[in-house]
Amino acid sequence: MKNMGTGASHGAKTHYVFHGRTVEVMRPSAGDLANARDDKPAMGMLRIDGRDVMYEQTDEGVYSHELMYQRFSTPEALAEELVRQWGTHLPPPLPMHHEHND
Amino acid sequence: MRCRKNQATLTAQEKARFVAAVLALKANGTYDQYVALHVNNMPSAHRAPAFFPWHREMLRRFELDLQAIDSSVTLPYWNWTVDNTPTSSIWNSDFMGGNGRPSDGKVMDGAFAFDNGNWPLFGGGFLARRFGLSAATLPSAMDLSNALGTTPYDVSPYNDGSSLAGFRNTLEGWRNGPQLHNRVHVWIGGSMSPSSSPNDPVFFLHHCFIDKCWADWQAMHPAESPYLPVTGAPAGHNLNDAMQPWAGQGQTITPASLVSHHALGYAYDTEGVCQPTLKLIDDGGLKPIVDTHITLKLVDDRPTLKIIDDGGTIKAVDDLGTIKTVDDLGGGTLKGFDDVKLPTFDIGMPAKPAADTIDPMAASGRPVGNAPFVLATPHHSMAWAETFPGAIERALAQLDQQLASLEAMAAELERRSKHGDMTDAERSHLDAVRREVVGIRDEREALARYLRK
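Residues numbered from 1 in each chain as written. Chains lettered and ligands numbered in written order. Predicted model: local features only at pLDDT ≥ 70, side-chain atom pairs only at ≥ 80, totals over all residues.

**Student:** I tried to follow the overall build of chain B on my own but got confused; where do I start?
**Tutor:** Helix and strand counts for chain B come out as 12 helices and 6 strands. The buried share among the 453 residues of chain B stands at 44%. By sequence separation, contacts in chain B at least 24 residues apart represent 60% of the contacts at least 6 residues apart. (Helix = DSSP H or I, 4+ residues; strand = E, 2+ residues; numbered from the N terminus. Buried ≥ 20, exposed ≤ 12 C-beta atoms within 10 Å, placed from the backbone. Contact = placed C-beta atoms within 7 Å.)

**Student:** What is the right way to read the overall build of chain A from this model?
**Tutor:** Looking only at helices and strands, chain A features 2 helices and 5 strands. Secondary structure elements of chain A, listed N to C terminal, follow the sequence β-β-α-β-β-β-α. Considering chain A as a whole, with its 102 residues, one finds that 28% of them fall into the buried category. Excluding contacts between residues fewer than 6 apart, the proportion of contacts in chain A whose partners are at least 24 apart in sequence is 26%.

**Student:** Sorry if this is basic, but what is going on with the interface of chain B and chain A here?
**Tutor:** How big an interface is tends to be stated in terms of accessible area lost as the parts join. Every contact between the two is made by 34 residues of chain B and, on the other side, 27 residues of chain A. Sorting the residues of the side of chain B that touches chain A by element identifies α2 (30-39) and α7 (180-188) of chain B as the ones contributing at least two each. The greatest single-element share of the side of chain B that touches chain A, amounting to 4 residues, is contributed by α2(B). The class makeup of the residues in the side of chain B that touches chain A is 11 nonpolar, 20 polar and 3 charged. (Nonpolar A, V, L, I, M, F, W, Y, C, P; charged D, E, K, R; others polar.)

**Student:** How should the pairing of strand β3 (residues 42-48) of chain A be read in this particular structure?
**Tutor:** All names here are of chain A. A one-sided burial pattern is seen for β3, the buried positions being A42, G44, L46 and I48 and the unburied ones M43, M45 and R47. Sheet topology places strand β2 (residues 21-26) next to β3; 4 bridges connect them, and they run antiparallel. Bridge pairing links V25 to L46 in β3. One ladder, built from 7 bridges, connects β3 with strand β4 (residues 51-58); its direction is antiparallel. Within β4, the position partnered with A42 by the bridge is Q57. Taking the residues that link successive antiparallel strands as the turn, the β3-β4 hairpin has 2 residues, and the phi of D49 there is positive, at about 45 degrees. (Pairing = 2+ DSSP bridges.)

**Student:** Mind showing me how you'd approach helix α11 (residues 391-418) of chain B here?
**Tutor:** Given 3.6 residues per turn, any residue in an α-helix points the same way as the ones three and four places further on. Residue and element names in this part refer to chain B. For α11, spanning 28 residues, the distance from its first C-alpha to its last is 40 Å, which sits close to the expected 40 Å at 1.5 Å a residue. Buried residues of α11: A391, I392, A395, L399, Q402, L406 and A410, and no others. Immediately downstream of α11, the backbone of G420 shows phi near 70 degrees, a positive value. (Expected span 1.5 Å × (residues − 1).)

**Student:** Quick question: what am I supposed to make of the environment of A:M54 here?
**Tutor:** Residues and elements named next belong to chain A. Examined against the element boundaries, M54 turns out to sit in strand β4. Taking C-alpha positions, M54 is 6.1 Å from G44, a pair spaced 10 residues apart along the chain. The residues contacting M54, other than those within four sequence positions of it, are M43, M45 and S64.

**Student:** Mind showing me how you'd approach unusual backbone geometry here?
**Tutor:** Residue and element names in this part refer to chain B. Going from T151 to P152, the amide bond is cis rather than trans, its omega being -5 degrees. For P152, the location among the structural elements is in the loop between α5 (141-148) and α6 (167-172). Each neighbour pair has its own omega, and for S156 with P157 the value is 10 degrees, a cis peptide bond. The topology assignment puts P157 in the loop between α5 and α6.

**Student:** Help me understand the packing of α11(B) against helix α12 (residues 424-452) of chain B, please; the structure alone is not making it clear to me.
**Tutor:** Any two packed helices are characterised by how steeply their axes cross, that is the angle between the axes, and by the distance between the axes. Residues and elements named next belong to chain B. One can describe the packing of α11 onto α12 by two numbers: an axis separation of 9 Å at closest approach and a directional angle of 155 degrees. Considered as vectors, α11 and α12 are oriented roughly antiparallel to each other. Handedness of the α11/α12 crossing: left-handed. Of the residues that constitute the contact of α11 with α12, the class distribution is 17 nonpolar, 3 polar and 8 charged. (Axes fitted to C-alpha atoms, helices over the stretch in contact; angles between N-to-C directions. Parallel < 35°, antiparallel > 145°, perpendicular 65-115°, else oblique. Left-handed = near helix turned anticlockwise from the far one by under 90°.)

**Student:** Would you explain the nonpolar core in this entry?
**Tutor:** Soluble, globular proteins show a tendency: their nonpolar side chains are buried together. In terms of nonpolar packing, the biggest core is built from 87 residues, with A:L46 and B:F209 touching the most fellow members. It is helix α8 (residues 202-220) of chain B that provides the largest number of residues to this core, a total of 11 residues. Setting aside chain neighbours within four positions, we find B:F209 in contact with B:Y77, B:W78, B:N79 and B:W80. (Core = buried A, V, L, I, M, F, W, Y, C linked by C-beta atoms within 7 Å.)

Shown next as structure tokens:
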């Protein structure tokens, strides 16, 4: 991983290239992280070759609906796992808020 | 009660019918509603106590929808501790299809391969799998056994904490994760990784096994609360909370209402209620297997396989000296053992446990338990009899009893015959009883002759 980011903590934005993909990490603010709880996580976002991926962060770790059965130690670890899973494919964003109609 | 089966035991036809029903739900739009249900209700269904009941409700609805397409279908479960390699039969092209190709994970075979035209994903894209890319192995039997041994059901604060040591959090897979349930999703990878994981139909086989694990855990720990907590968890996760999204649709589905899978109308093939339940039971009526004067029947009355006579003693052979594997009614006299005129088994002795169970050795005419060795010729059997003083006398007494019983039965049948109210089956039965009387008289005479010598 080649880190080209600023390393700042407040709303920090990092970008780097991993396996040919451009990864941007938009972290939650330090204030959001400090106030994050299990039922109110801090929100961050990844952008991988232009594809947005939302993530949540608590003191337990980093979660995303895109890889929802894993907990990551950092947003970068999440991004790199996504790149490995996708391979040469860039899947469409998750279709949220389509209600189930019984 | 419908029985959910291990997918590894399904016949080719059962697999085909399951796949066809799933494809039909996809074609009519129902399938994608389940994917949407999962995507849009993550907090209701994961990382908290309602993980098990929420998915139980989802799977039960899905199964009922499948059965509306094909009533013979039940949800199969995938025991990933056993069928745990990329070459396991679950991944054959006649069922779930296999791993994805290396470049992008696209599944290329089976009914759910995108290129076959029947399986566009909810949200777009193609079905993808990445076996072992992010988790090298599936959970082991030991992993599962340890989880099933964990109590209680859940512990405060009822979330996904790494150190939270309740059964739910352990089996969901957040303790030092990904483990167990989570690890299976991660091992498959591809479309099983995001919240839209029901896009892969193997999701339902995986969660069917997870559901079975909850049922098994309850059976293993009858003194434990099958669900916790009653209060103290987030809304929707307490025992009597209405779960989303059904609450928003006016339906009160609570964890409490889902604790018992039997109450929902299904069981698993490892449970007694789903076991084969053939018995041989004498009730004096139909389909004799070994018919003497009594009429042994093959009857399914659950829950155990037995041979039962109507005298209260369970036997695999008769004790009249004529071990038979085929009824000699109806003119035939096929027997598994020579119709020696001597007792071959347990004559006059109380039934022994070893003699009270079906034993292929007994059916073959060889002795079981501590019964004496049976010799194949009358000469040798006579020699054997001499080593058991009193055996012939006891056999004669039993034959006398049986003759009396048969003759009484014949008399009753003949009385009915005279009144002209017999069925063809009963007339045939009367003929059989008459032949049996003749046969037993012959046997008795042979024994008596030997005794007189």
